[in-house]
Amino acid sequence: MAAGVRKRARAGPPPRVAGLCEQWLRRAWQERRLLLLEPRYTLLVAACLCLAEVGITFWVIHRVAYTEIDWKAYMAEVEGVINGTYDYTQLQGDTGPLVYPAGFVYIFMGLYYVTGHGTDIRMAQHIFAVLYLATLLLVFLIYHQTCKVPPFVFFFMCCASYRVHSIFVLRLFNDPVAMALLFLSINLFLARRWGWGCCCFSLAVSVKMNVLLFAPGLLFLLLTQFGLRGTLPKLGICAVLQVVLGLPFLLENPVGYLSRSFDLGRQFLFRWTVNWRFLPESLFLHRAFHLALLATHLALLLLFVLCRWHRTGESILSLLKDPSKRKVPPQPLTPNQIVSTLFTSNFIGICFSRSLHYQFYVWYFHTLPYLLWATPARWLTHLLRLLVLGLIELSWNTYPSTSCSSAALHACHAVILLQLWLGPQPFPRSAQHSKKAH
């Protein structure tokens, strides 16, 4: 009898657990609309999408043919270093000379050994698949902290982009490696680990120089938070890491290393451009056009610094002062101020790039949802934002690019820039300045 009672007592919990599960599922179904629209559900939606991405990425690797573009060239360049060549001017692959900083060499040297001297392509694809999922995780952590983007948008950021899956697991470019390190550094900035964040940022730059497009925004954040005296040690971390990584090559041929790995004047081929196809090739290659783009880039950055980011009412030179000595004491930077400044800085650089190649899409792809949804504008509805995302995706998937696809890409960029300029400021005007103006 007692034994029977004990058996019935043990049988009690499973129905209770089943009831709780049923209650949770019913609540999730009732709040399904909120699940897609409320940013507080970002992590739940992100978990589901990451699980789906495991299957999608596995399917892409095993069902879609791998396309060789730069992987063999990467391996040949790395093999030259392994064989004892430290002169950057002597390192080259099938597609040309080595033009990436030293961090690239060390990371892809590791991949060289793991993949059997670069011959095991399937192993490399699986490594890049893990890198893709890690990148998604880092991006979702950023979006979770900003709490601005409705979760339904993340479906278009994950499962709907053929080009991004291709860049990661079908082409094996180095751009995803640099961006993964960049997103790691942003997570560290959000955690107030500025020193470690600068270290990861510099490591990302050492893989590919495009990460420097985030540098103006990062410099502004550092000056806002620490002033000039506190910023210099952070910049020192970035510089020292570059020197340490490049030391073997700097000792061999410093001019050759710097001119190859940080070549700001490198000429791009017109046939690969995604954003300037509607221009005559002679104008695309003209130095005056490049200088005009650079001047516009710098001018727009300056406008954002003066009118959108620095809104304390003090002179811009006040950023050089110690924060405690400023007339308006700085408030701790919010996640949205950090992310908005960095993403906007990068986006302005991309809008005025001399050329964008297909693999460059990952330079800003994961930032587009934030740029479109974080600064709400009444004239830009959810449907119009999705249309902008779709047109950008279509432009990057048009191969070879056409005048129409390039023009559409610029039109979409213009819409995003206009919204960033007209939308609510990430740095609100200080209370003291508002009282003074009143």
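With an unreviewed UniProt entry as reference, the protein is termed Dol-P-Man:Man(5)GlcNAc(2)-PP-Dol alpha-1,3-mannosyltransferase, source organism Pipistrellus kuhlii. The UniProt entry for the protein carries the following comment under Pathway (unreviewed entry): "Protein modification; protein glycosylation."

Caption draft 1: Local environment of the overall build of the protein. Looking only at helices and strands, the protein has 20 helices and two strands in total. The C-alpha atoms of the protein give a radius of gyration of 25 Å, which matches the 22 Å a tight globule of 438 residues would have. Taking the principal axes of its C-alpha atoms as reference, the protein extends roughly 90 × 70 × 45 Å. In the protein, which comprises 438 residues, the share counted as buried stands at 49%. Across the protein, the fraction of contacts at a sequence separation of at least 24, relative to all contacts at a separation of at least 6, is 77%. With the model as given, the accessible surface of the protein reaches about 21100 Å², and the carbon-plus-sulfur share is 67%. Positive and negative side-chain charges in the protein, numbering 38 and 18 respectively, have mean positions lying 17 Å apart.

Caption draft 2: Geometry of the nonpolar core. Counting 125 residues, the largest nonpolar core has Phe108, Phe343 and Ile392 as its most contacted members. With 11 residues, the top contributor of residues to this core is helix H7 (residues 121-146). Dropping the residues within four chain positions of it, isoleucine 392 is found in contact with Tyr361, Tyr364, Leu368, Leu409, Cys412 and Ile416.

Caption draft 3: Representation of the packing of aromatic side chains in the model. According to the stated counting rule, one finds 37 aromatic pairs in the structure shown. Both rings, one in tyrosine 361 and one in tryptophan 396, keep their centres 4.8 Å apart while their planes meet at 10 degrees; by these two values the pair is stacked. With tyrosine 361 in the loop between helix H16 (335-351) and helix H17 (368-373) and tryptophan 396 in helix H18 (residues 382-397), this residue pair connects regions lying 35 residues apart in the sequence. One aromatic cluster is present, built from ring pairs that chain together Trp71, Tyr74, Tyr100, Phe104, Phe108 and Phe128. The ring of phenylalanine 226 carries lysine 234 above its face, with NZ or CZ at 4.3 Å from the centroid.

Caption draft 4: Quick look at the UniProt feature "transmembrane region" (unreviewed entry) in the protein. The feature "transmembrane region" (unreviewed entry), as given by UniProt, occupies residues 41-61, 98-115, 127-146, 177-195, 201-223 and 288-307 in the numbering adopted here. The span residues 41-61 shows a helical share of 95% and a strand share of 0%, and its end C-alpha atoms are spaced 30 Å apart. The span residues 288-307 carries 100% helix and 0% strand; its end-to-end C-alpha distance comes to 28 Å.

Caption draft 5: How the structure looks around the pattern of salt bridges. Enumeration according to the criterion identifies two salt bridges in this entry. For arginine 40, the salt bridge identified is with glutamate 38, shortest N-O distance 3.3 Å. A salt bridge links aspartate 175 to lysine 208; the nearest nitrogen and oxygen atoms lie 2.7 Å apart. Here aspartate 175 is found in helix H10 (residues 175-190), whereas its partner lysine 208 is found in the loop between helix H11 (194-205) and helix H12 (215-252), with 33 residues between them in sequence. Under the relative-accessibility criterion, aspartate 175 is labelled buried at 0%. Judged by its relative accessible area of 6%, lysine 208 falls in the buried class.

Caption draft 6: Summary view of the packing of helix H15 (residues 287-309) against H16. One way to put it is that H15 packs onto H16 with a least axis distance of 9 Å and a crossing angle of 155 degrees. By the angle between their axes, H15 is roughly antiparallel relative to H16. Note on packing geometry: the crossing formed by H15 with H16 is right-handed. Each of His297, Leu300, Leu301, Phe304 and Trp309 in H15 lies in contact with H16, whose residues at this interface are Thr341, Thr344, Ser345, Ile348 and Gly349. Residues of the contact of H15 with H16, tallied by class, amount to five nonpolar, five polar and no charged.

Caption draft 7: Representation of a nonpolar patch on the surface in the model. On the surface, Leu219, Leu228, Leu232, Leu235, Leu317 and Leu320 cluster together into a nonpolar patch covering about 510 Å² of accessible area. Position of leucine 320 relative to the elements: it lies in the loop between H15 and H16. Leucine 320 gets classed as partly exposed once you look at its relative accessible area, which sits at 41%.

Rules of the game
- Residues numbered from 1 in each chain as written.
- Predicted model: local features only at pLDDT ≥ 70, side-chain atom pairs only at ≥ 80, totals over all residues.
- Heavy atoms only, no water.
- UniProt positions renumbered as here; feature names shortened; annotations may be inferred.
- Helix = DSSP H or I, 4+ residues; strand = E, 2+ residues; numbered from the N terminus.
- Rg over C-alpha atoms; globule rule 2.2 N^0.38 Å.
- Buried < 20%, exposed > 50% of the residue type's maximum accessible area, 1.4 Å probe, protein only.
- Contact = heavy atoms within 4.5 Å.
- Areas by Shrake-Rupley, 256 points an atom, 1.4 Å probe, with all protein chains shown as cover.
- Lys, Arg positive; Asp, Glu negative; His and termini not counted.
- Charge placed at Lys NZ, Arg CZ, Asp CG, Glu CD.
- Core = buried A, V, L, I, M, F, W, Y, C linked by side-chain atoms within 4.5 Å.
- Phe/Tyr/Trp six-rings, centres within 6.5 Å; stacked < 30°, edge-to-face > 60°.
- Lys NZ or Arg CZ within 6 Å of the ring centre and 35° of its normal.
- Salt bridge = Lys/Arg side-chain N within 4 Å of Asp/Glu carboxyl O.
- Axes fitted to C-alpha atoms, helices over the stretch in contact; angles between N-to-C directions.
- Parallel < 35°, antiparallel > 145°, perpendicular 65-115°, else oblique.
- Left-handed = near helix turned anticlockwise from the far one by under 90°.
- Nonpolar A, V, L, I, M, F, W, Y, C, P; charged D, E, K, R; others polar.
- Patch = residues over 30% accessible without salt bridge, like charges linked within 9 Å, V, L, I, M, F, W, Y side chains within 5 Å.

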